[in-house]
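# Survey of secondary and tertiary structure
Spelled out from the first residue to the last, the chains are:
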Amino acid sequence: MLVLILSVVVLLVIGGCVCVFWAARGDAPRWARGVARATLLGSGLARSASRSSRSQRSDGDD
């Protein structure tokens, strides 16, 4: 079951990356631009969460 869930997540990530590339080329339909926007938003949220967890870990090490 876990393999199935991880496979779906990987496929969604790959699909999001394809939509970002497609939208960057400029000839993507509206739905692909929406998926690309959501993918970039999710990426930014994951990046900020990673930064905050790293800063909390480094504060605890001192």
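The structure presented is a predicted model; accordingly, all values stated were derived computationally and were not measured.

Let us look at the overall build of the protein. Helices and strands together make up the secondary structure of the protein, namely two helices and zero strands. In terms of principal-axis extent, the alpha carbons of the protein reach across some 50 × 35 × 15 Å. Relative to its 62 residues, the protein shows a buried fraction of 8%. A total of about 5,200 Å² of accessible surface is found on the protein, and carbon and sulfur atoms cover 67% of it. The centroid of the 8 positive side-chain charges in the protein is displaced by 18 Å from the centroid of its 4 negative side-chain charges.

It is worth spelling out helix α1 (residues 2-25) at this point. Quick reminder: α-helices carry 3.6 residues per turn. Residues three or four places apart thus point the same way. Taking 1.5 Å per residue as the helical rise, α1 with its 24 residues ought to reach 34 Å, and the 35 Å between its terminal C-alpha atoms agrees with that figure. Positive phi shows up at Gly26, right after α1, with a value of about 100°.

For the rest of this paragraph, the subject is the state of the cysteines. Enumeration according to the criterion identifies zero disulfides in this entry. With no disulfide partner, Cys17 has as its closest neighbouring cysteine sulfur the one in Cys19, 9.4 Å distant. In this structure Cys17 comes out as partly exposed when scored by relative accessible area, which is 47%. In this structure Cys19 comes out as buried when scored by relative accessible area, which is 7%.

Attention now goes to the packing of aromatic side chains. A full pass over the atoms with the stated rule returns one aromatic pair. For the ring pair Trp22 and Trp31, a centre distance of 5.8 Å and an interplane angle of 80° mean the geometry is edge-to-face. Judged by its relative accessible area of 54%, Trp31 is exposed.

Scanning the model with the defined rule gives one salt bridge in all. Between Asp27 and Arg25 there is a salt bridge whose closest N-O contact spans 3.7 Å. Judged by its relative accessible area of 45%, Asp27 is partly exposed.

Reading the values: the criteria
- Residues numbered from 1 in each chain as written.
- Predicted model: local features only at pLDDT ≥ 70, side-chain atom pairs only at ≥ 80, totals over all residues.
- Heavy atoms only, no water.
- Helix = DSSP H or I, 4+ residues; strand = E, 2+ residues; numbered from the N terminus.
- Buried < 20%, exposed > 50% of the residue type's maximum accessible area, 1.4 Å probe, protein only.
- Areas by Shrake-Rupley, 256 points an atom, 1.4 Å probe, with all protein chains shown as cover.
- Lys, Arg positive; Asp, Glu negative; His and termini not counted.
- Charge placed at Lys NZ, Arg CZ, Asp CG, Glu CD.
- Expected span 1.5 Å × (residues − 1).
- Disulfide = S-S within 2.5 Å.
- Phe/Tyr/Trp six-rings, centres within 6.5 Å; stacked < 30°, edge-to-face > 60°.
- Salt bridge = Lys/Arg side-chain N within 4 Å of Asp/Glu carboxyl O.

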